[in-house]
Amino acid sequence: MKLPSSSATDLHKANLEHMVSMKDFSVREMDNMMELMSYLKQARKDNAIPQLFKGKSVGMIFEAGSTRTRVSFEVAATLLGGHALFLSPKDIHLGGKESIDDTSRVLSRMCDVIMARTNSPETLDGLLNMSTVPVINGLDTRFHPTQMLADLFTIREHITDGRQLNELTLAFMGDATDVCRSLMLTCAKYGMGFKQIGPVKYHMEPEWVELAQSYCAESGGHIEITDDVERISECDVVYGDSFYWVTQMDEKAERLAAFMPDYVISEELMAKAKPGAMLLHCLPANDKEEVTRGALESEYSVAFDEAENRLTAQMAILVYFTHKDAVTPSEDTIRRHEDKIQTFLSTL
């Protein structure tokens, strides 16, 4: 006979959702997340952020390091009245002494959200298998959904002529990274134009292009994968990312030789984009490699607004994925528990 669980947590949440990729959400759902971002950003500006994560914790697993992902989630949890735990491979037994499944089950009983920035999809998928709390993908080599939310929000903030997202075209300069893949799928859902511009060897895999094109068939968006830098002339947004990642250091010289100088985002290259085009970069930026300092510091660059909006996005994510199951105790309930505990303590 299986013994009933004595857990103090709800192991069968009716509203449980995870955030693996923006492809899993409708445009309306993404719009709702961004609307929540706008309210929380204004609340932060007014130093009046509601304590919507009070008494809650987010366990943050980092197989790969990050400035923006770590700082933004830690600060977001704190501003909302909650707590964030940084868990590196040195701190827990993830996939080593303890299976990923068991790690997920344990964290689910102690944390309200699990955020994972991993070096492989397998780690994220393992956490998803057994988690009874929302799992947020902080990057897993396939997708980077938290970055997408900040990117879309930043673009919307800086549209000055009344156009909608589906009237814009975005150029991603570089390799078929997780950010490139995520942008392509997200743009396709919104009916935007998307161009990956880079050497043929580093073009997006056909199966992902086909998926994006299937979204475009419904949204009216369009996808182009090209090595022609001149195609930037049709673009309202230019997006930069590193030409190599930490796991590709042995390819660094080869990659830089393939991308430089033609695909470097410089002031000269930005001049070829549409008038008023904005520059985004997910950071960190490698000066004079994928972007010049002049372009990054220019009046059309919104890369640092974009970075700040990672905090705005993480606040919204923590609230969005926990509010449906949030239980706000009454003052009577709090007082009853406090009286019981104080009565007991007085006997010790």
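Just so you know, the residues in each chain are numbered from 1, in the order the chain's sequence is written. Only residues with pLDDT of 70 or above have their local features reported here, since the model is predicted, and side-chain atom pairs are shown and tallied only from 80 upward, although totals for entire chains, interfaces and linings are computed over all residues. As a convention, hydrogens and water are excluded, and side-chain values are obtained from all of the structure's heavy atoms.

Rules: UniProt positions are given in the numbering used here, feature names are shortened, and annotations may be inferred rather than shown by experiment.
Naming follows an unreviewed UniProt entry, where the protein chain appears as Ornithine carbamoyltransferase of Vibrio hippocampi. Per UniProt, the comment on the protein chain under Sequence similarities (unreviewed entry) is "Belongs to the aspartate/ornithine carbamoyltransferase superfamily."

### Topic: the UniProt feature "domain: Aspartate/ornithine carbamoyltransferase Asp/Orn-binding" (unreviewed entry) in the protein chain
Note the threshold: A run of H or I in DSSP counts as a helix once it spans at least four residues, and a run of E counts as a strand once it spans at least two, with each numbered from the N terminus.
Per the UniProt record, the feature "domain: Aspartate/ornithine carbamoyltransferase Asp/Orn-binding" (unreviewed entry) sits at residues 167–320. End C-alpha to end C-alpha, residues 167–320 measures 27 Å, and it is 40% helix and 15% strand.

### What about the sheet that holds strand β3 (residues 113–117)?
The following threshold applies: At least two DSSP bridges between two strands are needed for those strands to be called paired. Axis angles are defined between N-to-C directions and span 0 to 180 degrees, where every axis is a line fitted to C-alpha atoms and, for a helix, only to the segment in contact.
The strand order across the open sheet built from four strands is β2-β1-β3-β4, with neighbouring strands paired in parallel fashion. A single partner strand is all that each edge strand has here, and the edge strands are β2 (83–87) and β4 (135–137). Averaged over all pairs of adjacent strands, the angle between their axes in this sheet comes to 20°, without regard to strand direction. The pairing of β3 with β4 spans three bridges and is parallel. Each residue of the ladder has a partner; that of I114, found in β4, is V135.

### Points about the packing of aromatic side chains
Going by this rule: Working definition: rings of Phe, Tyr and Trp (its six-membered ring) pair if their centres are within 6.5 Å, and the pair is stacked with planes under 30 degrees apart, edge-to-face with planes over 60 apart, and tilted otherwise. Relative accessibility under 20% of the residue-type maximum defines a buried residue, over 50% an exposed one, and the middle range a partly exposed one, all with a 1.4 Å probe and only protein chains included. In this analysis the charged atom, NZ for Lys or CZ for Arg, is taken to sit over a ring once it is within 6 Å of the ring centre and within 35 degrees of the ring normal.
In the structure shown here, the tally under the stated rule is eight aromatic pairs. Ring centres 5.1 Å apart and planes at 40° place the aromatic pair Y202 and F259 in the tilted group. Highlighted residues: Y202 in the loop between β6 (193–197) and α7 (206–219) and F259 in helix α8 (residues 252–259), separated in sequence by 57 residues. By relative accessible area, which is 0% here, F259 ends up buried. Residues F243 and F259 carry aromatic rings whose centres are separated by 4.4 Å and whose planes lie at 10° to one another, so their mutual orientation is stacked. With F243 in the loop between β8 (237–240) and α8 and F259 in helix α8, this residue pair connects regions lying 16 residues apart in the sequence. Taken individually, F243 and F259 each receive the classification buried, so the pair is uniform in this respect. One aromatic cluster is present, built from ring pairs that chain together Y202, F243, F259 and Y263. Between R70 and the ring centre of F86, over which it is positioned, the NZ or CZ distance is 3.7 Å. Residue placement shows K189 over the ring face of Y215; its charged tip is 5.0 Å from the ring centre.

### A short note on the sheet that holds strand β5 (residues 169–173)
With respect to topology, five strands assemble into an open sheet ordered β7-β6-β5-β8-β9, the strand pairing being parallel. Each having just a single partner strand, β7 (222–226) and β9 (278–281) make up the two edges of the open sheet. Taken pair by pair, the neighbouring strands of this sheet meet at an average axis angle of 20°, ignoring direction.

### A closer look at the environment of F321
Keep this limit in mind: In what follows, residue pairs with any heavy atoms lying within 4.5 Å of each other are defined as contacts.
Mapped onto the fold, F321 is located in the loop between α11 (303–320) and α12 (331–345). Excluding anything up to four places from it in sequence, F321 contacts E17, H18, M19, F25, M33, P134 and I136.

### What to know about the pairing of β8
Neither face of β8 is open: one carries V237 and Y239, the other V238 and G240, and all of them are buried. The sheet contact formed by β5 and β8 spans four bridges and is parallel. Bridging across to β8, A171 finds its partner in V238. Of the strand pairs in this sheet, β8 and β9 are connected by four bridges, and their pairing is parallel. Paired with V237 across the two strands is M278, which belongs to β9.

### Looking at the packing of helix α3 (residues 100–110) against helix α4 (residues 121–130)
Rules: Roughly parallel refers to an angle under 35 degrees, roughly antiparallel to one over 145, roughly perpendicular to one between 65 and 115, and oblique to any angle outside these ranges. Crossing handedness follows the turn of the near helix against the far one: under a right angle anticlockwise gives a left-handed crossing, and clockwise gives a right-handed one. For this classification, Asp, Glu, Lys and Arg are treated as charged, while Ala, Val, Leu, Ile, Met, Phe, Trp, Tyr, Cys and Pro are nonpolar and the rest, including Gly, are polar.
The contact between α3 and α4 brings their axes to 8 Å, and the two run at 50°. When the axes of α3 and α4 are compared, the pair comes out oblique. Handedness of the crossing formed by α3 with α4: right-handed. Each of I100, D101, S104, R105 and S108 in α3 lies in contact with α4, whose residues at this interface are E122, T123, G126, L127, N129 and M130. Residues belonging to the contact of α3 with α4 are distributed by class as follows: three nonpolar, five polar and three charged.

### Re unusual backbone geometry
In the segment running from M260 into P261, the intervening peptide bond is cis, with an omega of 0°. By the secondary structure assignment, P261 is in the loop between α8 and α9 (267–270). Between L283 and the following residue, P284, the backbone shows a cis peptide bond with an omega angle of 5°. Turning to its location among the elements, P284 is positioned in the loop between β9 and α10 (293–296). Of note in the backbone geometry, K288 takes a positive phi value of approximately 70° without being a glycine.

### What about the layout of surface pockets?
Filter applied, for reference: We place a 1 Å grid over just the protein atoms. Points where a 1.4 Å probe fits but has no way out form a cavity, open points with protein on both sides within 12 Å along at least 5 of 7 lines form a pocket, and any residue with an atom within 4 Å of a point lines it. Grid points are joined across faces, edges and corners, and a volume is the space filled by probe spheres set on the points.
Within this model, the largest pocket holds a volume of roughly 840 Å³. Those elements giving two or more residues to the lining of the largest pocket turn out to be α3 and α12. Per-element accounting of the lining of the largest pocket gives the leading share, three residues, to α3. Partitioning the lining of the largest pocket into residue classes produces 12 nonpolar, six polar and eight charged. The space that makes up the second largest pocket amounts to roughly 480 Å³. Around the second largest pocket, the lining comprises 29 residues; the ones closest to its centre are L139, T177, D178, D241 and W245.

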